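Spelled out from the first residue to the last, the chains are:
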Amino acid sequence: MSRLEDRISSVAGSNQYLFFADIHNQTAALDILAQPENMAALRCAGHEVFGSELFHVGQNQIFEAYEQGQISDATMRDYIINSPSNLEGDMGVTDSRSVMERYFDIVKNAKDVGLEFRGLAAYEGIMDREEVLPILQNVGEQDLAMLMAIERAPGYLEANTNVRRMFVEQIGEQLGLEGAEIADMQFRFGNVNPGPVEMGYTAEIVEARLQADAVQADAIESMADGRRMTVLYGGLHMWRTKGDLDTSIGEDRTAVISAFDDSRAFWQDQLPEWQREMREAGLDITLENAGDYQFDAKTNTWYDSTTDTNTIVSVPDGMGVGTFGVAPTDPAPTGTEMDMNPFKG
């Protein structure tokens, strides 16, 4: 029986850029990439960089320090699983901590096989990239300084919220931070205000973010710097007929793998509902397909659109459906607001 990691390696080896589509209320893509065998398959195929939409570009100095051994696995894990995200507030994930655990597995696997892990986000379509980059760089510098302080502070990782709050405030003051900056740092490190982060996505913001795909494509190419690169990004950014990431980079150099917990549920229920929501929200978006290759985790079926064939594949131990909890998708937009499930926008 063919192995999933062999299929991934074959596709990666034939393309300079490989995109994995992130679909919020189906989490098979994360489950695939959290397996060491699958990440090793990417490296064996010659890929050298792994980019993720979830993390911002200012955090790349942190990932570099982690790869250089300046930050331990335990500290990096704590940082990632406690990082504020909009997975719960906007994306419908009911157990965001479990999702972030998977992201740590991906970061660690990348390091273990020699892949550079890098964040890609820079508020595409929401803020001017040149204006936001220095801001994100500064935030990354602050976080890196805090992580290095945590490395020298035995017991922090096991400390309660009050202890963390006081420690973060002390280090923040040593860094010359004041007021709101310390409060933000406490939120990121002290877990002082746990709860869902609401980004407030609207149809206008969704459209602006999609229109910025060409800019993000340039940024991805610049980060790759001629090397082979794998990218985990929202599916809607690769599934459109024009102007999306893979089209902007060049479809002769790119491939898209879309992984589903249950592809039948996606095609029959979620995709038609999502397309209806887009029309009702006034978005003129045409979807071309759901990737060059698709994987159904429910049946372990690999679909190759280039040959229109389905193949049952074996998967690494540890993969499985239903790892994360998600809230049901709300089918109705409210005003100009849209529920962003099932795609990452």
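A few points on the structure. (Residues numbered from 1 in each chain as written. Predicted model: local features only at pLDDT ≥ 70, side-chain atom pairs only at ≥ 80, totals over all residues. Heavy atoms only, no water.)

Re the packing of aromatic side chains
Both the distance between ring centres and the angle between the ring planes are used here to describe each pair of aromatic rings.
Turning to step 1, where the next piece is worked out: Tallying each qualifying case throughout the model produces 12 aromatic pairs.
Turning to step 2, where the next piece is worked out: Consider the rings of Phe50 and Phe117, whose centres lie 5.7 Å apart with planes at 15 degrees: the pair is stacked. One end of the pair, Phe50, is in strand β2 (residues 47–56); the other, Phe117, is in strand β3 (residues 116–121), with 67 residues separating them in the sequence. Take Phe50 and Phe117: they sit in the same class, and that class is buried.
Turning to step 3, where the next piece is worked out: Every member of this aromatic cluster is reached through a ring pair, and the members are Phe50, Phe55, Phe63, Tyr103 and Phe117.
Turning to step 4, where the next piece is worked out: The lysine or arginine in question, Lys111, covers the ring of Tyr66, its NZ or CZ lying 4.2 Å from the ring centre. (Phe/Tyr/Trp six-rings, centres within 6.5 Å; stacked < 30°, edge-to-face > 60°. Helix = DSSP H or I, 4+ residues; strand = E, 2+ residues; numbered from the N terminus. Buried < 20%, exposed > 50% of the residue type's maximum accessible area, 1.4 Å probe, protein only. Lys NZ or Arg CZ within 6 Å of the ring centre and 35° of its normal.)

Examining the environment of Leu287
Turning to step 1, where the next piece is worked out: Topologically, Leu287 is positioned in the loop between α13 (263–280) and β6 (293–296).
Turning to step 2, where the next piece is worked out: What makes Leu287 buried here is its relative accessible area of 16%.
Turning to step 3, where the next piece is worked out: Beyond its immediate stretch of four places on either side in the chain, Leu287 contacts Leu236, Trp239, Arg240, Thr241, Leu271, Trp274, Gln275 and Met278. (Contact = heavy atoms within 4.5 Å.)

With respect to the pairing of β2
Turning to step 1, where the next piece is worked out: With respect to burial, β2 is a largely interior element, 9 of its 10 residues being buried.
Turning to step 2, where the next piece is worked out: As defined by bridge partners, β2 adjoins strand β4 (residues 228–234) across 5 bridges and the pair is classed as parallel. Along β4, the bridge assignment pairs Val49 with Met229.
Turning to step 3, where the next piece is worked out: Relative to β3, β2 runs parallel, the two being bridged by 5 bridges. (Pairing = 2+ DSSP bridges.)

Quick look at the packing of helix α5 (residues 73–81) against helix α6 (residues 96–113)
Turning to step 1, where the next piece is worked out: At their nearest, the axes of α5 and α6 sit 8 Å apart, and the two run at 140 degrees to each other. Put simply, α5 runs oblique to α6. Crossing of α5 over α6 shows right-handed handedness. Touching Asp73, Met76, Arg77, Ile80 and Ile81 of α5 are Arg97, Met100, Glu101, Tyr103, Phe104, Val107, Lys108 and Lys111, all from α6.
Turning to step 2, where the next piece is worked out: In the contact of α5 with α6, the residues fall into 7 nonpolar, no polar and 6 charged. (Axes fitted to C-alpha atoms, helices over the stretch in contact; angles between N-to-C directions. Parallel < 35°, antiparallel > 145°, perpendicular 65-115°, else oblique. Left-handed = near helix turned anticlockwise from the far one by under 90°. Nonpolar A, V, L, I, M, F, W, Y, C, P; charged D, E, K, R; others polar.)

Focus on the environment of Phe167
Turning to step 1, where the next piece is worked out: Note that Phe167 resides in helix α8 (residues 161–174).
Turning to step 2, where the next piece is worked out: Expressed as a C-alpha distance, the spacing of Phe167 and Ile150, which sit 17 residues apart in the sequence, is 9.0 Å.
Turning to step 3, where the next piece is worked out: Beyond its immediate sequence surroundings of up to four residues, Phe167 is in contact with Met146, Ala149, Ile150, Ala153 and Tyr156.

With respect to the sheet that holds strand β1 (residues 17–22)
Turning to step 1, where the next piece is worked out: One open sheet accounts for 8 strands, arranged β3-β2-β4-β1-β5-β6-β7-β8; its pairing is mixed. At either margin of the open sheet sits one strand with a lone partner, and together these are β3 and β8 (309–312). Each strand of the sheet is rotated relative to its neighbour by a mean of 25 degrees, with strand direction disregarded.
Turning to step 2, where the next piece is worked out: Packed on one face of the sheet, helix α1 (residues 4–13) meets β1, β2, β4, β5 (254–260), β6, β7 (301–304) and β8 and runs near 25 degrees to β7.
Turning to step 3, where the next piece is worked out: Each of β2 and β3 touches helix α4 (residues 60–67); the most contacted strand, β3, lies at about 170 degrees to it.

Here we look at the nonpolar core
Proteins that are soluble and globular tend to have nonpolar side chains buried together.
Turning to step 1, where the next piece is worked out: Ranked by internal contacts, the top residues of the largest apolar core, which has 60 residues, are Leu42, Tyr103 and Ile106.
Turning to step 2, where the next piece is worked out: Sort the elements by how many residues they give to this core and α6 lands first, with 7 residues.
Turning to step 3, where the next piece is worked out: Counting residues in hydrophobic clusters, the runner-up holds 31 residues, among them Val49, Tyr233, Met278 and Ala290. (Core = buried A, V, L, I, M, F, W, Y, C linked by side-chain atoms within 4.5 Å.)

Here's the deal with the side chain of Asp261
Turning to step 1, where the next piece is worked out: Mapped onto the fold, Asp261 is located in the loop between β5 and α13.
Turning to step 2, where the next piece is worked out: In terms of polar contacts, Asp261 uses its side chain to reach the backbone amide nitrogen of Thr27, at 3.2 Å. (Polar contact = N/O pair within 3.5 Å; in protein donor to acceptor, adjacent residues only side chain to side chain.)

What about the pattern of salt bridges?
Turning to step 1, where the next piece is worked out: Counted by the stated rule, this structure contains 20 salt bridges.
Turning to step 2, where the next piece is worked out: Between Arg77 and Glu101 there is a salt bridge, with the nearest N and O atoms lying 2.4 Å from each other. Taken as a pair, Arg77 in helix α5 and Glu101 in helix α6 lie far apart in primary sequence, 24 residues in all.
Turning to step 3, where the next piece is worked out: Judged by its relative accessible area of 32%, Arg77 falls in the partly exposed class.
Turning to step 4, where the next piece is worked out: For Glu101, a relative accessible area of 23% gives the class partly exposed.
Turning to step 5, where the next piece is worked out: Between Arg240 and Asp213 there is a salt bridge, with its nearest N and O atoms 2.8 Å apart. Residue Arg240 is located in the loop between β4 and α12 (245–249), and its partner Asp213 is located in helix α11 (residues 213–224); the two are separated by 27 residues in the primary sequence.
Turning to step 6, where the next piece is worked out: A relative accessible area of 7% places Arg240 in the buried class.
Turning to step 7, where the next piece is worked out: Each of Glu64, Glu67, Glu116, Arg118 and Arg227 takes part in one network of salt bridges that share partners. (Salt bridge = Lys/Arg side-chain N within 4 Å of Asp/Glu carboxyl O.)

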